[in-house]
Amino acid sequence: MRSSMEEALSLCRKWKEEKAAVRVVLKLSSVGGVLEGTVFSVDSNSVTILPVGSESPLSGLLTISLLLARSMNLIDPRAASTEEDREVLSKEMSFGLGVTFMSGERLYLYEVPA
């Protein structure tokens, strides 16, 4: 489901308030990876993640700017097309956000089930 910037940031603010565990999956042209942590801050156009194991922002942060996002989509595992996909996704995520940047590169940010 398509998302506005405000909807995306609202979801991230919710995760911050709840201190939810989140996972970031990067699929960039020259870099890929997965990072787990919590939402450290949310401002008018970006989200900052504090990685698991970092006790302070001085240990490391990942800031995601949404200014150059071409599209953002809310991801609900319950909306997957098959029962098998719903089961697999529900084990991996509670709810998420997919971001496609102007360059075509992608990033996924989602809440990890407790």
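How each quantity is defined
- Residues numbered from 1 in each chain as written.
- Predicted model: local features only at pLDDT ≥ 70, side-chain atom pairs only at ≥ 80, totals over all residues.
- Heavy atoms only, no water.
- Helix = DSSP H or I, 4+ residues; strand = E, 2+ residues; numbered from the N terminus.
- Polar contact = N/O pair within 3.5 Å; in protein donor to acceptor, adjacent residues only side chain to side chain.
- Contact = heavy atoms within 4.5 Å.
- Buried < 20%, exposed > 50% of the residue type's maximum accessible area, 1.4 Å probe, protein only.
- Salt bridge = Lys/Arg side-chain N within 4 Å of Asp/Glu carboxyl O.
- Pairing = 2+ DSSP bridges.
- Axes fitted to C-alpha atoms, helices over the stretch in contact; angles between N-to-C directions.

## Considering the side chain of S3
Move 1: Here S3 lies in the segment before α1 (5-18).
Move 2: Among the polar contacts made by the side chain of S3, one reaches the main-chain amide nitrogen of A8 at a distance of 3.4 Å.
Move 3: In contact with S3, other than residues within four places in its own chain, are A8, M72, N73, L74 and L97.

## Looking at the environment of Y108
Move 1: Mapping Y108 onto the fold places it in strand β7 (residues 106-111).
Move 2: When its relative accessible area of 25% is taken as the criterion, Y108 is described as partly exposed.
Move 3: Linking Y108 and P51, residues 57 residues apart in sequence, is a C-alpha distance of 15 Å.
Move 4: Among residues more than four places away in sequence, those in contact with Y108 are R23, V24, V25, K27, I75, L97 and G98.

## Considerations on the pattern of salt bridges
Move 1: Scanning all chains against the criterion turns up five salt bridges.
Move 2: Note that E36 and R23 form a salt bridge whose closest N and O atoms lie 2.4 Å from each other. Taken together, the residues span a long stretch of sequence, with E36 in strand β2 (residues 32-42) and R23 in strand β1 (residues 22-27) at a distance of 13 residues.
Move 3: Three or more residues are tied together by salt bridges with common partners; here these are R23, E36 and E92.

## Quick notes on the sheet that holds strand β6 (residues 96-101)
What links the strands of a sheet is backbone hydrogen bonding, and the strands pair in either a parallel or an antiparallel sense.
Move 1: Spatially, the seven strands line up as an open sheet ordered β4-β3-β2-β1-β7-β6-β5, and their pairing is antiparallel. A single partner strand is all that each edge strand has here, and the edge strands are β4 (62-65) and β5 (69-75). With strand direction ignored, the average angle separating the axes of adjacent strands in the sheet is 30°.
Move 2: Summarising the sheet, β6 and β7 pair through five bridges and their orientation is antiparallel. By the bridge assignment for β7, G98 is matched with Y108.

In short, shape yes, function no, at least from these values alone.
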